[in-house]
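The primary structure of each chain is shown beneath.
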Amino acid sequence: MSSAPDRPLLRQIDPLELDRIVRDHARFADGETGGCRADLSHADLRQIVWDGVDLRGADLSGAWLTDAALAGARLDRAILFGAGLAGADLRGASLEGADLRGAALRGANLCEARLAGADLREGRIAVQNTAHGFQILQHEAREGGLDYAVASGATFDDVQLGAGGGRVVDLRDTDLQGADLTGAQMTEVRLDGANLTRARVSGADMAGASLRGALVTGVDLSGAGMAGADLEGLLTAPPAIVFIDEEPLHQLVAEHQEWVDTEGVEGRAAYLPGADFRGLGRLRGRRLAAIRAPGGVFFGMDLSGCRLQGADLTGADLRQCDLSGADLRGARLAGALLTRTNLRGARLSPLMVGAGRVARTDLCRAVLRGANLAGADLTRARLLAAELAGARFDGAEVAMAEFDPVVRPGERQPSETAPEALAPLARSA
């Protein structure tokens, strides 16, 4: 047995040496003499500033590029197998034909990026370590995850995303507005909650894919292969006018505000289960205390500063809404969808309903993935069984709030596994 010290799993490269490697590779990529293909496999490149870098065809397998600045980078045909690209800025980057199998792209910005022909299927990469033998380089709980990524306007034509083998590539809640997915292989891909507004999917194979709650406004799904796809809760364009019991929704909302403003003397309280509010445009600053809209659809609406204390929004779709500064004291939000919702500075503390009596804000089972709760008041709020991965709580007041014992704000959420916490793989005999 060797007594040599354990080698780090990620290579540390001197900045001057790194600059030389990039310069030599640029010459190699352009076919000039004196060039040399870059081998940056398993390199620690976290938070590196490489805007516009030319690494076409470079080997970056297993490299750690978390939060890297790669806007406009040329990464065509690069090997990024198992690379960590969570939170990376890849706006306008070219990744055509790149090998991105098993790459972690959680929360990456891929706006206007070109990924035609790229391979984004699931994959794992093993690296050798003197103490533990081979180890699995696993950046996330789900390999190949693109969840929370922003990819509006990106080009994905002929990309390979299908996992196969009973595994699933995760694109939940990904922003794919205007993306070109022409001819993409997306069998069994998970697109739950994704924003596919105006995306082009002609010839795409989405057999067995899950699009639960996905937004498909302006999308023609007829030209895509959808055999066995789960389309439950699919959101299309909102109707121009919504009627509840033959009365227009905007009138019912106005009457409810009048009921609030006159303390019940005029107007009437609204009961609007499952109503689609998107056609109203925005409800910014409206006074809608105690409104009952369980299962209502508010996707992407501006509700900033809205007074919704005591409202019943159980199971409502509030994804990507602006609820900054909103008054939600005592609101019922159990099971509500609040993915990527802006709740900065929102009031989610108890509502006084009588002498010594309060109504607590109920967020049990709510989905708050990627939500912004910075500076929010969550005093005594109930968040049992809530999904909080990627949610921000900096500066939030959480005194006496109820969280699951294993997940509390400020603790590491299931996202990206640190290099030093890689799971060991048992050696074969």
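As shown above, the structure is provided for reference.
Now for a look at the structure at hand. No experiment lies behind these values; they were computed from the predicted model shown.

## Quick word on the overall build of the protein
Stage number 1. A count of helical and extended segments in the protein gives two helices and six strands.
Stage number 2. Seen in sequence order, the protein has helices and strands lined up from the N terminus as α-β-β-β-β-α-β-β.
Stage number 3. The contacts of the protein with a sequence gap of at least 6 include a subset with a gap of at least 24, amounting to 35%.
Stage number 4. Accessible surface for the protein amounts to roughly 18,600 Å². Of this, 49% is attributable to carbon and sulfur atoms.

## Notes on the layout of surface pockets
Stage number 1. Space inside the second largest pocket adds up to approximately 260 Å³.
Stage number 2. Taken together, 14 residues form the lining of the second largest pocket, with D192, G193, R212, L337 and R369 sitting closest to its centre.
Stage number 3. Of the residues belonging to the lining of the second largest pocket, the class tally is two nonpolar, four polar and eight charged.

## Quick notes on unusual backbone geometry
Stage number 1. One non-glycine residue, D245, lies in the positive phi region at around 50°.
Stage number 2. Mapped onto the fold, D245 is located in the loop between strand 3 (243-244) and strand 4 (247-248).
Stage number 3. Among the residues examined, D245 registers a relative accessible area of 70% and is labelled exposed.
Stage number 4. One non-glycine residue, A290, adopts positive backbone phi at about 65°.

## Things to note about helix 1 (residues 15-29)
Stage number 1. Look at helix 1: 21 Å from first C-alpha to last across 15 residues, which is about the 21 Å you get at 1.5 Å a residue.
Stage number 2. The set of residues buried in helix 1 consists of L18, I21, V22, D24 and H25.
Stage number 3. Residue D14 occupies the N-cap position of helix 1, its side-chain oxygen lying 2.9 Å from the main-chain nitrogen of L16.
Stage number 4. Of the residues flanking the end of helix 1, it is G31, one or two places downstream, whose phi is positive at about 75°.

## Structural notes on the pattern of salt bridges
Stage number 1. Going through the model one piece at a time under the given rule, you end up with 29 salt bridges.
Stage number 2. Notably, a salt bridge pairs R20 with D24, separated by 2.6 Å at the nearest N-O pair. Here R20 and its partner D24 are both found in helix 1, four residues apart, which amounts to about one turn of the helix.
Stage number 3. Taking the relative accessible area as the measure of exposure, R20 reaches 35% and is therefore partly exposed.
Stage number 4. Members of the salt-bridge network, linked through shared partners, are E17, R20, D24 and R27.

Scoring rules and cut-offs
Residues numbered from 1 in each chain as written. Predicted model: local features only at pLDDT ≥ 70, side-chain atom pairs only at ≥ 80, totals over all residues. Heavy atoms only, no water. Helix = DSSP H or I, 4+ residues; strand = E, 2+ residues; numbered from the N terminus. Contact = heavy atoms within 4.5 Å. Areas by Shrake-Rupley, 256 points an atom, 1.4 Å probe, with all protein chains shown as cover. 1 Å grid on protein atoms, 1.4 Å probe; cavity = no way out; pocket = protein on both sides within 12 Å on 5 of 7 lines; lining within 4 Å. Points joined across faces, edges and corners; volume = space filled by probe spheres on them. Nonpolar A, V, L, I, M, F, W, Y, C, P; charged D, E, K, R; others polar. Buried < 20%, exposed > 50% of the residue type's maximum accessible area, 1.4 Å probe, protein only. Expected span 1.5 Å × (residues − 1). Polar contact = N/O pair within 3.5 Å; in protein donor to acceptor, adjacent residues only side chain to side chain. Salt bridge = Lys/Arg side-chain N within 4 Å of Asp/Glu carboxyl O.

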